[in-house]
Amino acid sequence: MMDEVLLLQRIFDALFNSAIYSSLALALVIIFRSTGLLNFAQGEMATFSAYIAFVLLAGAAPGVTGGGLAGWFGAPFSTPLAIAGAVIIGIAAGATTERVLIRPLRNAPELALVNVTIGILLALNSLMAQWWGTGPRVFPPFFPSAPGDHLGIAGARLRFSTIGAWLVLFALLTLLALLLRYTRAGLAFRAVSIDPESAALNGIRVGPTLMYGWALAAGLGAIAATMSANSVLLEPTMMVRVLVYAFAAATLGGLDSPKGALVGGVIIGLSQTLIPAYVPFIGFELSVLPALLAMVIVLIVRPAGLFGTERIERV
Amino acid sequence: MSGDDWPKPFPRPADDETSDSDAGAPGVFAPSSDPETGPSAFSVAGVTSESPDPPPATTTTGVTLKPPDPPAAGAAVQHFGTGGPHAPRPPLRRRISPLSWIGGALLGIWLVAMPLTSSVTELRQNTQIVVMVLAVLGVNIATGYGGMISLGHGVFVAVGSFAAAYAVDDLRLPWAVSIIAGAAFAGALGALVGLPALRIKGIHLALVTLGLAIVFQPLAKRFPAFSGGVSGRAVGAELVPPEWFGTSRWAEGLYHYLICLAVVITAMWLTHNIINSRPGRAMRALRDNDTAAAVYGVNLVAARVNTFAVSASLAGLAGALHIVLVPFASQESYPFSESLVLYATAVLGGLGSLWGSVLGVAIREVFSWLGALFENVGGLGPLSQFLSLLDEEQFVFGVLLIALTFVFPRGLIGMFTRRTGERAPRFRRNRTRA
C-alpha cells in the first residue's frame, strides 16, 4: 500500500475509536458540568452495561454464553433488544447511583466524592471479574462487520462499523440537544449546570435534575460500551484504558464543553492510532501514554481546554 | 448566619457551598497545638506565637490527657469566619480513648508474638504486611497531609523495588545503600510528578495520578534493563544474616523481619518529625488554603514538591524492602487496581494520621482473613458465589471505601482519637461556573 493510502486507512480505523471516546467523554462532561465531579467509575459502569447485554444475548450467537448469570432473564434476545435492555438497565443503575451514593454527599468535600467513585470502580470491576471471569468474552458485533462490509474510498476501507458508530453518535447528539433544548427537564438541567443555587431559588428541584444528568451519562456510556465490546473484547478491564482516552478527550476539549468532548474524542482517537504507527517506541500497548501526556499538558497550560469555560477562582 | 458580619480574611470558594457552620475558617496562622493527626493548620486563636504545651496531666485511669489551651489566650480570641463571636471554638483537646490503648497493646503483642509463632512462610508474608504500612503512609502524606489526592502510589512502590534491585544486582551496591537508593529514586520520580501538581489540583490531580497508575504497566515493559520487561526481574543478591544470628531459614526470616521493622519504625519516626516541623506545617497549610499559606510565606513550589517527594520515597522504601523479602520484582504485581487499593487502605485507616495508616493495613489483613473464611463456602448456589466475592480484596475495599465515606468520613482512626472542635482534612471543591 502506498503511504497516503496507509495513512488514510489508519485515519479511518481511528475514527471508530474516536466515536467511542467522544461518547464516553460526553458522558463525563455531562456529569462534570452539572456537579463538578469527575466520575472515575464511568468506564466500569459502562462495562457493566455491556455485560448485561452479554447476558441478555446468551445463546444468540456461537460463543456468546452469557456467563455466570445466563438464563435469568429469559435470554436470548435479539441484538437490538438486548442492547436496548442493557442501556435501560444502565440508565436505571446510573440514576440509582446518583440518588443513593452521590446526592447525600452534595455538601461533602471533593475527597468524599473521589472515594465513592473509586469505590464503585473497584467494587464493580471485581464483581464483574467474579461473575463473568477475567478472560475476554465473545460479543456479537453491533454493526455488520464481515470482511466485505466496508466502503472503498481512495483505496482505503471505511468499515461499516465506523460509519455506524458515527451515525449512532450523531443520533445521540441530536437527541441530547433536543432533550436539553426542548424539554422542561432539559431546561432545568441547563439551569442547574449554570448555577445550582439560583436554579433552586427558581423552584427547580436540583436533586432529581442531577439524577437526570447521571441517567443520561450512564446511557451514553452503556451505548459506547456495547458498541465497542465486539472490537476491544468484552472483559472487566476493557474500559480502563478507554476511560483514560475519554478523560484525555474531555480534558482536551474542555471538561464542561460537549462540543469539546466531540472534538477531543476525534483528536485523541486519531493520535491513539497515528502516534504508535509512526513512533516505534510507543507501540500499540503504550498508546495510553500520549493521551496521558496530552491531558497533563492541557491541564498545565490551559486547564479550560479548547472549548471549556475559563475557571475563575475566587480566593 | 451571624458570622457574615465579621471580616473574612481569606474567604474560600468553598465557603458559599458548605452550609455547615464553618468554625475553622482561617484566622490567624498559628500552628495548632498537636498537629500529629493533622487538624487544620490555621487554628483560630488570637495568639500568633505557639504557646508551649504544659506537661500532660495523668488521670486516675492512667489515660494521659492534654490540658486545654491556656485560658489566657481565650481572652484575646477573635473569631473570624461564620462561627461568629458567640460560638467560640472549643480548644483542641486530645482524648486518647481506651480503644487506642487496646489497639496499641494488640499491635505490640502481635509484633512480638507473630515471629515466634509463625512458620517461615507466614513470617515472610507478615513482614510484607509490616512493610506495606510505609506504602500506605506514602499515600497518606500526599493525600492526608498534603491535600493532593494520589491514586498512583503503586507506581512509586514498583519503581522503588526496581531501583533497589538494579542497585544491588547490577551495580553491586551493598543492601543498605540499595534500599536507600530505591527510596531516593522513587522520591526523585515523586518530585517530578509533584511538579505538574503545582498547577493541577484536587480532582484533576486525582485523574492524572490514576492515569499514571494505568500507564505504568506498559511503560515499565519498555525499560527491560530496569524493570525486567514483561516477565520481571529476579533479584540475585540475598540479604544474609550474620553468622551469630543463625543460618536456618527461620533465622533468616526473623532477621529480615527485624530489619524491616526497624526501617519501618525509623521511617515512621522521621515522618512524624517532618510532619511536626516547618515543612510539615507548610504541607498542611497548603492543604487547607494555599493562598493563605503563600501569604504567610510558605513557598508553594517547594512545599508541593517536598510533599510529593517524601510521600513517594516512603512508597519506594516499601518497594525496596519488598525485594529483600521476595527476590523478584515485576510490573505484573502492580496493576492500577493495586494503587487504588493502597489509596483505599490509607482512606480506610484515616487520612492525616500516622497511626491511621497502621490501622488501615491492620484492617486490610483482618478483612482478608475474614474473606478467606467465606471463600470456600459451597452449595449455596448464587449465594456462595456472592460470598466468595468477600475474598476479593478489590471488592471489599471498594464497598468499604463507599461505606466509610458515609459512616466514618475521617477513617477508622476516628474511632480511636476524638477531638472536640476538629474537622477532617478539608478538600476544596472547585466548581466550574459557566
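A brief report on the enclosed structure follows. Not measured: the values here are computed from a predicted model.

Basis of the calculations
Residues numbered from 1 in each chain as written. Chains lettered and ligands numbered in written order. Predicted model: local features only at pLDDT ≥ 70, side-chain atom pairs only at ≥ 80, totals over all residues. Heavy atoms only, no water. Helix = DSSP H or I, 4+ residues; strand = E, 2+ residues; numbered from the N terminus. Rg over C-alpha atoms; globule rule 2.2 N^0.38 Å. Buried < 20%, exposed > 50% of the residue type's maximum accessible area, 1.4 Å probe, protein only. Contact = heavy atoms within 4.5 Å. Areas by Shrake-Rupley, 256 points an atom, 1.4 Å probe, with all protein chains shown as cover. Lys, Arg positive; Asp, Glu negative; His and termini not counted. Charge placed at Lys NZ, Arg CZ, Asp CG, Glu CD. Salt bridge = Lys/Arg side-chain N within 4 Å of Asp/Glu carboxyl O. Polar contact = N/O pair within 3.5 Å; in protein donor to acceptor, adjacent residues only side chain to side chain. Nonpolar A, V, L, I, M, F, W, Y, C, P; charged D, E, K, R; others polar. Phe/Tyr/Trp six-rings, centres within 6.5 Å; stacked < 30°, edge-to-face > 60°. Lys NZ or Arg CZ within 6 Å of the ring centre and 35° of its normal. Pairing = 2+ DSSP bridges. Expected span 1.5 Å × (residues − 1). Axes fitted to C-alpha atoms, helices over the stretch in contact; angles between N-to-C directions. Parallel < 35°, antiparallel > 145°, perpendicular 65-115°, else oblique. Left-handed = near helix turned anticlockwise from the far one by under 90°.

### Section: the overall build of chain A
In terms of regular secondary structure, chain A is built from 11 helices and 2 strands. The C-alpha atoms of chain A give a radius of gyration of 20 Å, which matches the 20 Å a tight globule of 315 residues would have. Its C-alpha atoms give chain A principal-axis dimensions of roughly 60 × 50 × 35 Å. Per-residue burial for chain A yields a buried fraction of 55% across its 315 residues. Intrachain contacts of chain A at a sequence separation of at least 6 include 73% that bridge at least 24 residues. Summed over all atoms, the accessible surface of chain A reaches about 12600 Å², with 69% contributed by carbon and sulfur. Distance between charge centres in chain A, computed from 17 positive and 14 negative side chains, equals 9 Å.

### What about the interface of chain B and chain A?
Taken together, the contact between chain B and chain A spans 57 residues of the former and 64 residues of the latter. At the boundary of chain B with chain A, the tally comes to 0 salt bridges. Put simply, chain B and chain A have 4 residue pairs in polar contact (both at pLDDT 80 or more) between them. Among the elements that take part in the side of chain B that touches chain A, helix 6 (residues 202-221) of chain B stands out by supplying 14 residues, more than any other. Residue classes in the side of chain B that touches chain A are distributed as 32 nonpolar, 15 polar and 10 charged.

### Let's talk about the packing of aromatic side chains
Residues and elements named next belong to chain A. In the structure shown here, the tally under the stated rule is 15 aromatic pairs over all chains. Taken together, a centroid distance of 4.6 Å and an interplanar angle of 10° make the contact between Tyr-51 and Trp-132 stacked. Here the residue Tyr-51 occupies a position in helix 2 (residues 42-56), and Trp-132 occupies one in helix 4 (residues 110-132), the gap between them amounting to 81 residues. Like Tyr-51, the residue Trp-132 is buried in the burial classification. Aromatic ring contacts, followed pair by pair, group Phe-48, Tyr-51, Phe-54, Trp-131 and Trp-132 into a single cluster. Positioned over the ring face of Tyr-278 is Arg-10, at 5.0 Å from the centre of the ring.

### Side note on the pattern of salt bridges
Residues and elements named next belong to chain B. Summed over the entire model, instances satisfying the criterion amount to 8 salt bridges over all chains. Among the ionic pairs, Arg-124 bridges to Glu-252, the shortest N-O distance being 3.7 Å. Remark: Glu-252 occurs in helix 8 (residues 249-275) and Arg-124 occurs in helix 3 (residues 120-145); sequence separation between them is 128 residues. For the pair formed by Arg-124 and Glu-252, the shared burial category is buried. The closest approach of N and O atoms between Asp-290 and Lys-201, which form a salt bridge, is 3.1 Å. Residue Asp-290 is found in helix 10 (residues 290-295), and its partner Lys-201 is found in the loop between helix 5 (175-194) and helix 6; the two are separated by 89 residues along the sequence. On the basis of relative accessible area, Asp-290 is assigned to the buried category, the value being 6%. Note on Lys-201: relative accessible area 28%, which makes it partly exposed.

### Brief notes about unusual backbone geometry
Residues and elements named next belong to chain B. Residue Arg-172 is not a glycine yet carries a positive backbone phi of 55°. Note on placement: Arg-172 falls in the loop between helix 4 (153-170) and helix 5. Looking at Arg-172, the relative accessible area reads 67%, which means it is exposed.

### Some details on the pairing of strand 1 (residues 150-153) of chain A
Residues and elements named next belong to chain A. Of the strand pairs in this sheet, strand 1 and strand 2 (residues 156-159) are connected by 4 bridges, and their pairing is antiparallel. Bridging across to strand 2, Gly-152 finds its partner in Arg-157. Where strand 1 hands over to strand 2, the hairpin turn is made up of 2 residues, of which Ala-154 adopts a positive phi near 50°.

### So, helix 5 (residues 160-182) of chain A
Residue and element names in this part refer to chain A. Taking 1.5 Å as the rise per residue, helix 5 with 23 residues should run 33 Å; its terminal C-alpha atoms sit 32 Å apart, in good agreement. Of the positions making up helix 5, those classed as buried are Ser-161, Thr-162, Gly-164, Ala-165, Trp-166, Val-168, Leu-169, Leu-172, Leu-173 and Leu-176. Contacts from the buried residues of helix 5 go to helix 1 (3-35), strand 2, helix 8 (206-232) and helix 10 (258-278).

### Remarks on the packing of helix 4 of chain B against helix 11 (residues 300-325) of chain B
All names here are of chain B. Viewed as axis vectors pointing N to C, helix 4 and helix 11 meet at an angle of 55°, and their least axial separation amounts to 6 Å. It follows that helix 4 is oblique to helix 11 by the angle criterion. Along this stretch, helix 4 crosses helix 11, giving a crossing that reads as right-handed. Across from His-153, Phe-156, Val-157, Gly-160, Ser-161, Ala-164 and Ala-165 in helix 4, the residues of helix 11 making contact are Phe-308, Ser-311, Ala-312, Ala-315, Gly-316, Gly-319, Ala-320 and Ile-323. The class makeup of the residues in the contact of helix 4 with helix 11 is 9 nonpolar, 6 polar and no charged.

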